[in-house]
Amino acid sequence: MRIAIFGNTSVQKSAECESGLTAILQKFGHQVLSQDEFAGADVIITIGGDGTFLRAAAKVGNRNIPMLGINTGRLGFLADVNASDLESAIEKLDAGRYAIQKRHLLELDMNGMPAGHTPYALNDIAILKHDISSMISISTRIAGQDLITYQADGLIIATSTGSTAYSLSVGGPIVEPGTNVTVLTPVAPHSLTMRPIVLSATQTIDLDVASRSHSFLVSIDGNSFSLHEHTPLSIRRAPFTLSVIRLEGSSFYSTLQQKMLWGSDSRQ
């Protein structure tokens with residue numbers, strides 16, 4: 001196979017991991033490509049944390065190249081293979097002992113996407129206030145029908161994949177990856193009646209944002225830019241999916257248990 005590696009070689013741990021991974025791949029007879037050659041790859045392997053995986057996913061876009069993440073960061077939900085398990089992971093990859101999971105993305109439709117930004121999000125699109133401003137008002141319509149006007153510090157629109165990221169940190173639900181839903185989670189809402197809601201991913205979400213500072217932030221998988229208030233925004237499911245490799249013996253539930261201590265009882 002032709003395997004492209006995405007990693008941050010300026011970080012010593014990632015650089016050492018990349019060197020070790022290259023040697024293991026060559027031992028198994030695979031051709032190693034640089035991240036600049038990724039378009040011709042059969043598989044992409046990222047080295048770092050979930051941020052590295054998201055940056056690589058943005059480059060992959062609709063090319064349908066399966067991705068595997070090696071974690072040298074902290075938590076690692078997308079990059080869920082431990083760096084200490086490199087050789088075992090490549091053995092499974094080489095033997096075909098894995099499954100391909102299709103992950104939905106979100107697409108932001110707006111006039112004048114800033115240069116250097118992609119409209120596609122694997123995790124989430126967040127509408128946020130500027131640090132120095134008061135809360136913002138986010139009028140939200142679903143499939144042309146009024147839902148609510150959020151008075152809050154922001155609103156996170158997350159995929160099922162992104163449910164364990166920013167959305168979870170502000171009280172959103174955990175959703176199994178691949179589930180065809182979109183999660184709306186307010187950030188520090190002014191009213192306790194504004195709760196997270198789970199929608200069908202087929203719905204289109206239209207937003208109109210008002211702010212005392214007359215501007216607000218949009219963050220697409222952590223990459224943010226500023227917009228003037230009342231800039232029309234429309235969010236829908238992207239017309240393509242991302243292929244994620246899940247190695248044999250790995251599951252979403254085991255990741256929750258191991259990395260989040262989900263369901264553990266501190267009294268035991």
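Note that this is a predicted model, so its numbers are computed, not measured. (Residues numbered from 1 in each chain as written. Predicted model: local features only at pLDDT ≥ 70, side-chain atom pairs only at ≥ 80, totals over all residues. Heavy atoms only, no water.)

Draft legend 1. Summary view of helix α5 (residues 252–260). The complete set of buried residues in α5 reads Phe 252, Ser 254, Thr 255, Leu 256 and Lys 259. Residues of α5 that are buried make contact with β4 (67–71), β5 (81–82) and β17 (233–247). Count one or two residues on from α5 and you reach Leu 261, which has phi positive near 55°. (Buried < 20%, exposed > 50% of the residue type's maximum accessible area, 1.4 Å probe, protein only. Helix = DSSP H or I, 4+ residues; strand = E, 2+ residues; numbered from the N terminus. Contact = heavy atoms within 4.5 Å.)

Draft legend 2. View of the packing of helix α1 (residues 12–27) against helix α3 (residues 86–95). Packing of α1 against α3 leaves a shortest axis separation of 10 Å and a crossing angle of 40°. Every pair of crossing elements has a handedness; the one defined by α1 and α3 is right-handed. Facing Cys 17, Gly 20, Leu 21, Ile 24, Leu 25 and Lys 27 of α1, the residues of α3 in contact are Leu 86, Glu 87 and Ile 90. A class-by-class count of the residues in the contact of α1 with α3 yields 6 nonpolar, 1 polar and 2 charged. (Axes fitted to C-alpha atoms, helices over the stretch in contact; angles between N-to-C directions. Left-handed = near helix turned anticlockwise from the far one by under 90°. Nonpolar A, V, L, I, M, F, W, Y, C, P; charged D, E, K, R; others polar.)

Draft legend 3. Local environment of the packing of aromatic side chains. Summed over all chains, the structure comprises 3 aromatic pairs. An angle of 65° between the planes, with centres 5.8 Å apart, marks the rings of Phe 252 and Tyr 253 as edge-to-face. The exposure class assigned to Tyr 253 is partly exposed, which follows from its relative accessible area of 41%. (Phe/Tyr/Trp six-rings, centres within 6.5 Å; stacked < 30°, edge-to-face > 60°.)

Draft legend 4. Examining the pairing of strand β12 (residues 181–187) more closely. Among the 7 residues of β12, 7 are classified as buried, and the element is accordingly described as predominantly covered. Pairing between β12 and strand β13 (residues 197–200): 4 bridges, direction antiparallel. Considered in β13, the bridge of Thr 182 is made with Leu 199. (Pairing = 2+ DSSP bridges.)

Draft legend 5. View of the nonpolar core. Ranked by size, the top nonpolar core spans 25 residues in total, and within it Leu 108, Ile 125, Ile 127, Ile 157, Leu 207, Val 218 and Leu 233 carry the most contacts. Put simply, the parts of the chain that give this core at least two residues each are β6 (98–109), β8 (124–128), β9 (136–142), β11 (154–159), β14 (205–210), β15 (215–220), β16 (223–228) and β17. Discounting residues that sit within four places of it in the chain, Leu 108 has contacts with Met 113, Pro 119, Ile 125, Val 218, Ile 220, Phe 225, Leu 233, Ser 234 and Ile 235. Counting residues in hydrophobic clusters, the runner-up holds 20 residues, among them Leu 33, Leu 54, Ala 56 and Leu 105. (Core = buried A, V, L, I, M, F, W, Y, C linked by side-chain atoms within 4.5 Å.)

Draft legend 6. Molecular detail of the sheet that holds β13. The antiparallel open sheet is built from 6 strands, whose spatial order is β13-β12-β11-β8-β15-β16. Bordering the open sheet on either side are β13 and β16, each of which pairs with just one other strand. When the angles between neighbouring strand axes are averaged without regard to direction, this sheet yields 20°. Relative to β11, β8 runs antiparallel, the two being bridged by 5 bridges.

Draft legend 7. Region of interest: unusual backbone geometry. We note that Ala 188 has phi near 50°; this positive angle belongs to a residue other than glycine. Position of Ala 188 among the secondary structure elements: in the loop between β12 and β13.

Draft legend 8. Inspection of the side chain of Ser 211 at higher detail. Inspection of the secondary structure puts Ser 211 in the loop between β14 and β15. In this structure the side chain of Ser 211 is engaged in a polar contact, spanning 2.9 Å, whose partner is the side chain of Ser 213. The contacts of Ser 211, once residues within four sequence positions are left out, are Ile 136 and Glu 229. (Polar contact = N/O pair within 3.5 Å; in protein donor to acceptor, adjacent residues only side chain to side chain.)

Draft legend 9. Here's a closer look at the pattern of salt bridges. According to the stated counting rule, one finds 7 salt bridges in the structure shown. With its nearest N and O atoms 2.4 Å apart, the salt bridge here joins Arg 246 to Asp 80. Within this pair, whereas Arg 246 is found in strand β17, its partner Asp 80 is found in the loop between β4 and β5, the two being separated by 166 residues in sequence. Here the two residues Arg 246 and Asp 80 agree in accessibility, since each one is buried. Taking the shortest distance from any N to any O, the salt bridge between Asp 146 and Arg 141 comes out at 2.5 Å. Judged by relative accessible area, Asp 146 falls into the exposed class, the value being 64%. Judged by its relative accessible area of 34%, Arg 141 falls in the partly exposed class. (Salt bridge = Lys/Arg side-chain N within 4 Å of Asp/Glu carboxyl O.)

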